[in-house]
Amino acid sequence: MWALNLGYPSSIETISTPFHRASYPSATITVYEFPARPAGEKNMARGNLPAVTLTWYDGGLMPPKPEELGEEELNKGGGALLIGSKGKLLHETYGMNPPLLPKSLHDWFGEPAKKLPRIPNQQHELNWVAAAQGKAEASGPFEYAARLTETMLLGVVALHAGKKIDYDGANMRVTNVVAAMIF
């Protein structure tokens, strides 16, 4: 979300295994629609960035496996698959092991330059403690983390609404399902 300067989604829809409101379902798929937006200072793109669809899978549900993987399976431990107009980027949790697909694209591009600071030993929990103590900068600053958390929680709101919701992020309001605001 940060790298693509996504901001807030304009609509969210969550489908799930049986959900009886006594406890959360065992698995969900949430689809977030983000509108086109300006590139922003941190993104090197010029002009506007196109609309983006982000689909979140959990509870063992998985996206369709990219044909470029051949016999290799998707990592069931987590990760991300970004599908672009020129190829795909697949990575494990926390961005580990990020090959470009197809392999020819990965071979052509090579290892990307490391532009962001790395957390020693990949221990993000200890980075948070060090930041709270004033000894380090948080790898996930609150300005970003608050918007990310709000976006992810909108998936729960859509689950409770039982249908696709439209969201006005600037005013923090669901605009098409009144009951979604009071679940």
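Each remark here, short or long, concerns the structure printed above.
Residues numbered from 1 in each chain as written. Predicted model: local features only at pLDDT ≥ 70, side-chain atom pairs only at ≥ 80, totals over all residues. Heavy atoms only, no water.

Engineer: Run through the sheet that holds strand β1 (residues 11-16), naming residues and quoting values.
Structural biologist: By definition, the strands of a sheet pair up through backbone hydrogen bonds, in either a parallel or an antiparallel sense. Spatial ordering of the open sheet is given by β5-β2-β1-β9-β10, a layout of five strands whose pairing is antiparallel. Each of the sheet's edge strands pairs with one partner strand only, and the pair in question is β5 (52-58) and β10 (173-174). Running over the sheet, helix α3 (residues 142-161) touches β1, β2 (28-34), β5, β9 (165-168) and β10 and is turned about 60° from β1. (Pairing = 2+ DSSP bridges. Helix = DSSP H or I, 4+ residues; strand = E, 2+ residues; numbered from the N terminus. Contact = heavy atoms within 4.5 Å. Axes fitted to C-alpha atoms, helices over the stretch in contact; angles between N-to-C directions.)

Engineer: How would you summarise the packing of aromatic side chains if you had to cite specific residues and measurements?
Structural biologist: Here the structure, examined in full by the defined rule, presents four aromatic pairs. Look at Tyr-8 and Tyr-167: their rings are 6.2 Å apart centre to centre, the planes differ by 65°, and that puts the pair in the edge-to-face class. Remark: Tyr-167 occurs in strand β9 and Tyr-8 occurs in the segment before β1; sequence separation between them is 159 residues. On the basis of relative accessibility, which here comes to 10%, the residue Tyr-167 falls in the buried class. Each ring, one from Phe-19 and one from Tyr-24, has its centre 6.2 Å from the other, and the planes form 20°; the classification is stacked. The buried category is assigned to Phe-19, whose relative accessible area is 19%. (Phe/Tyr/Trp six-rings, centres within 6.5 Å; stacked < 30°, edge-to-face > 60°. Buried < 20%, exposed > 50% of the residue type's maximum accessible area, 1.4 Å probe, protein only.)

Engineer: Got a sec to walk through a nonpolar patch on the surface? Specific residues and values, please.
Structural biologist: Together, Leu-126, Trp-128, Val-129 and Phe-142 make up an exposed nonpolar region whose accessible area comes to about 470 Å². Broken down by element, the nonpolar patch gets its largest block of residues, three residues, from helix α2 (residues 124-132). For Val-129, a relative accessible area of 36% gives the class partly exposed. (Patch = residues over 30% accessible without salt bridge, like charges linked within 9 Å, V, L, I, M, F, W, Y side chains within 5 Å. Areas by Shrake-Rupley, 256 points an atom, 1.4 Å probe, with all protein chains shown as cover. Salt bridge = Lys/Arg side-chain N within 4 Å of Asp/Glu carboxyl O.)

Engineer: Could you give an account of the nonpolar core, with specific residues and numbers?
Structural biologist: By size, the foremost hydrophobic cluster in this structure holds 13 residues, and its most contacted members are Ile-12, Ile-165, Val-174 and Ala-180. Contributing elements (two or more residues each) for this core: β2, α3 and β9. Looking at which element gives the most residues to this core, the answer is α3, with three residues. Residue contacts for Ile-12: discarding those within four places in its chain leaves Thr-30, Val-31, Tyr-32, Leu-154, Gly-155, Ala-158, Lys-163, Lys-164, Ile-165 and Tyr-167. (Core = buried A, V, L, I, M, F, W, Y, C linked by side-chain atoms within 4.5 Å.)

Engineer: Now, about the side chain of Lys-88: what can you tell me, with residues and values included?
Structural biologist: You can see Lys-88 is positioned in strand β7 (residues 88-92). In contact with Lys-88, other than residues within four places in its own chain, are Pro-66, Glu-68, Leu-81, Leu-82, Ile-83, Pro-99, Leu-100 and Leu-101.

Geometric values such as these leave the question of function open.
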